[in-house]
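Notes for the structure review
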Amino acid sequence: MTQSAIRARELGDLLRSRRDRLQPSDVGLPPGTRRRTRGLRREEVAQLAAISSTYYTFLEQGRDLRPSRQVLDALATALRLDGAERAHIHELIHGAAPTAAPVVAEALPHAVVALVDRLDPCPSYVTGRRWDVLASNRAAQALWTNWPARPPRDRNLIWWMFTDPQAREVMVDWPAEASALLGRFRTAAARHPGDTGFGELLERLQAASPEVRDWWPQHTITPLGSGTKRLRHPNLGELELHHVVLQLADDPEQKLVTFTATDQDQERITELLG
């Protein structure tokens, strides 16, 4: 199957899942009678987007079409997609052409690794395009997991989140955090259609995690962003950390994430590190 066909199928799945979530009242339509569909009817979406019902049906069926940006915007408006979801469907159809998967592992400049170390005791790490943990300081290793001690194949934030029981203890809001991380992974995968590493990691995740199997068809799209995370440590108890995400200028797919805590909690983290 060609990349364009794969993307057309993913677009169809996403359109169908978002149509199922909406009710006529959500989009200003009368409820009607004898509704057999769970959400909107296909013809209702087509009407809202000002396209033919047949063409919309073809899109949902995953036919290898190339809808214009105007049509995608109309569908995004009709289906009440948020900004990240709207950008994602454009990426699927009109994104960069597939490129060959990198043949070498991602690497960080020594200066970036040194910077991460200097950020102790503020927990900090750098992830790559598939969320491999490329660098982490002692504070991050103490609060999340000892990344350097893990097998190289398992030094991946998503793999840890969904397959390591420790992750459910560490992440106080595990369901929301895990779902959001999977949504970011999907967004990144759409930018790298020729990188087979995304598909291989997804296959491993689906084989190992029932949540990934259940959530992946929901087509959740989550943008990168700063925010707050709550972590639980066996000695320190529950911590609330504020984080920022910085994309490296030399490779924007590599992301430096650094966290700060309250003064009191930061002192406790410092004491933990000795």
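A few points on the structure. (Residues numbered from 1 in each chain as written. Predicted model: local features only at pLDDT ≥ 70, side-chain atom pairs only at ≥ 80, totals over all residues. Heavy atoms only, no water.)

We now examine the pattern of salt bridges. Under the criterion given, the structure shown has 17 salt bridges. The residue E211 makes a salt bridge to R168 at a minimum N-O spacing of 3.2 Å. Within this pair, whereas E211 is found in helix α12 (residues 210–215), its partner R168 is found in helix α9 (residues 165–170), the two being separated by 43 residues in sequence. When its relative accessible area of 18% is taken as the criterion, E211 is described as buried. Of the charged contacts, one joins K229 and E177 as a salt bridge, the two residues approaching to 2.7 Å between their closest N and O atoms. Here K229, found in strand β3 (residues 227–233), pairs with E177, found in helix α10 (residues 174–191); they are 52 residues apart in sequence, far enough to count as distant. Classification of K229 as buried rests on a relative accessible area of 12%. The network of salt bridges with common partners includes R19, R42 and E60. (Salt bridge = Lys/Arg side-chain N within 4 Å of Asp/Glu carboxyl O. Helix = DSSP H or I, 4+ residues; strand = E, 2+ residues; numbered from the N terminus. Buried < 20%, exposed > 50% of the residue type's maximum accessible area, 1.4 Å probe, protein only.)

Side chains S124 and V126 of strand β1 (residues 124–127) all project onto a buried face; the interleaved residues Y125 and T127 project onto the opposite face, where all are buried too. Strand direction decides the pairing type here: β1 and strand β5 (residues 255–260), joined by four bridges, are antiparallel. Paired with T127 across the strands is K255, a residue of β5. Pairing of β1 with strand β2 (residues 133–136) involves three bridges; the strand directions are antiparallel. Bridge assignment links T127 to a residue of β2, and that residue is V133. If you look at the hairpin formed by β1 and β2, you'll find five residues sitting between the two strands, and W131 has a positive phi there, around 70 degrees. (Pairing = 2+ DSSP bridges.)

Evaluated as defined, the whole model comprises two cavities of 30 Å³ or more. For the largest cavity, the calculated volume is near 220 Å³. The wall of the largest cavity is formed by 17 residues, among which Y125, L157, L181, R184 and K229 lie closest to the centre. Put simply, the parts of the chain that give the lining of the largest cavity at least two residues each are β1, α8 (157–163), α10, β4 (237–247) and β5. For the lining of the largest cavity, the leading source of residues is α10, giving three residues. Among the residues forming the lining of the largest cavity, the class breakdown is ten nonpolar, three polar and four charged. Empty space within the second largest cavity amounts to approximately 40 Å³. Examining the composition of the lining of the second largest cavity, we find that four residues originate from one element, α10, more than from any other. (1 Å grid on protein atoms, 1.4 Å probe; cavity = no way out; pocket = protein on both sides within 12 Å on 5 of 7 lines; lining within 4 Å. Points joined across faces, edges and corners; volume = space filled by probe spheres on them. Nonpolar A, V, L, I, M, F, W, Y, C, P; charged D, E, K, R; others polar.)

To continue, consider the nonpolar core. Across soluble globular proteins, nonpolar side chains have a tendency to be buried as a group. In terms of nonpolar packing, the biggest core is built from 38 residues, with W144, W160, F162 and L241 touching the most fellow members. Of all the secondary-structure elements, those providing two or more residues to this core are α7 (138–143), α8, α9, α10, α11 (196–208), β4, β5 and α13 (263–273). Residues contacting F162, with those up to four places away along its chain left out, are R168, W174, A178, L182, L205, S209, E211, V212 and W215. Core analysis: the next-biggest nonpolar cluster, separate from the first, contains 24 residues, A46, V71, A76 and A78 among them. (Core = buried A, V, L, I, M, F, W, Y, C linked by side-chain atoms within 4.5 Å. Contact = heavy atoms within 4.5 Å.)

What follows covers the pairing of β4. Along any regular strand the residues' side chains alternate between the sheet's two faces. Judged from the seven bridges that link them, β3 and β4 form a sheet pairing that is antiparallel. For K229, the partnering residue across the bridge sits in β4 and is L241. Between β3 and the antiparallel strand that follows it, β4, lie three residues. Strand direction decides the pairing type here: β4 and β5, joined by six bridges, are antiparallel. Note that in β5 the partner of H242 across the bridge is T260.

One number sums up the size of the largest pocket: a volume of about 610 Å³. Those elements giving two or more residues to the lining of the largest pocket turn out to be α1 (3–21), α5 (83–94), α10 and α11. Considering only residue class, the lining of the largest pocket consists of eleven nonpolar, eight polar and seven charged.

With 19 residues, α1 should cover 27 Å at 1.5 Å per step; its first-to-last C-alpha distance of 27 Å lies within 8% of that length. For α1, the set of buried residues is A5, R7, A8, E10, L11, G12, L14, L15, S17, R18, R19 and D20. (Expected span 1.5 Å × (residues − 1).)

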